[in-house]
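Chain residues, written in single-letter form:
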Amino acid sequence: QIDDLAEVDYSLNSLPAVFRPFIDLDLKGAVYPAGNYTDSPYMAASFTIPDQSGSMLYLAFSEYFFQTSSFAYYTAGALNMTIAEETCSYFNINTEIFGSIIPEVAKYSVTPYPVMLKLMATEIPIISLEQDSFTVQIQGSMEVLAVLPDSTTQSLFTMNIAANTSISLNIFDQKLMGSLCLNRLQFSLAHSNVGFFEVSFLENILSYILQTEVIPSANAKLSKGFPLP
């Protein structure tokens, strides 16, 4: 069990291969949504560890391990997040802030209302493994809603998000840990109830919200680590 959302299968794929200087263990290394052992859409490719003799133990992870992790957490809904005024750490987000940037929002909402942001991944994130790190391509959406006095919400607009991130890896306390860095963001307008507006007006504030709210939250989860076999 990794956490409440996912678990990892480290069962042996085959009998241990015993040689005079070393023992090879071929472990499955697949991550599943907790309690759901549905196969992911990925196929594991065989690989070998280069001959080395400076340490007692060498542990290698294939791209398949991280791909199944991506699939498991996407399936479990872990990549969805809601940011509201009461949970925003650095500033209060409301329609007045957006109205100062987008005149259409100011016309739509004369009285400042709190704003809620709903983020979700719309596709399984794409993993590309590199030495000591991997990149993650994320396609998602961000819906911006006004919270009305009666606690109902009114959707203002929805943005498409394309994010390029990288995760550096390290091993500590028998766990595989990661640290997420946001490399690049692209926004496009998917739908608007306040009329058309230039997306570039919002890029700075939305990027700031993602950097200050989403990335720290993701890193807090990554810092808990994956248990090693």
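Residues numbered from 1 in each chain as written. Predicted model: local features only at pLDDT ≥ 70, side-chain atom pairs only at ≥ 80, totals over all residues. Heavy atoms only, no water.

The name an unreviewed UniProt entry assigns to the chain is Bactericidal permeability-increasing protein, from the organism Melanocharis versteri. Turning to the chain, the UniProt record has this under Subunit (unreviewed entry): "Monomer. Homodimer; disulfide-linked." What the UniProt record of the chain gives under Subcellular location (unreviewed entry) is the line "Secreted". (UniProt positions renumbered as here; feature names shortened; annotations may be inferred.)

Visitor: Give a description of the domain arrangement of the chain that names residues and reports values.
Guide: Looking at the chain, the domain boundaries give domain 1 (1–77) and domain 2 (79–228). Just the C-alpha atoms count here: the centres of domain 1 and domain 2 sit 30 Å apart. Listed by partner, the interface residues are 20 residues for domain 1 and 17 residues for domain 2. Across the interface of domain 1 and domain 2, roughly 1,500 Å² is buried in total on both sides, 73% from carbon and sulfur atoms. For the interface between domain 1 and domain 2, the tally reads zero salt bridges. Connecting domain 1 to domain 2 are six residue pairs in polar contact (both at pLDDT 80 or more). The greatest single-element share of the side of domain 1 that touches domain 2, amounting to nine residues, is contributed by helix α1 (residues 63–75). Of the residues assigned to the side of domain 1 that touches domain 2, the class counts are 13 nonpolar, six polar and one charged. (Domains from an automatic or database assignment. Contact = heavy atoms within 4.5 Å. Buried area = accessible area lost by both parts, 1.4 Å probe. Salt bridge = Lys/Arg side-chain N within 4 Å of Asp/Glu carboxyl O. Polar contact = N/O pair within 3.5 Å; in protein donor to acceptor, adjacent residues only side chain to side chain. Helix = DSSP H or I, 4+ residues; strand = E, 2+ residues; numbered from the N terminus. Nonpolar A, V, L, I, M, F, W, Y, C, P; charged D, E, K, R; others polar.)

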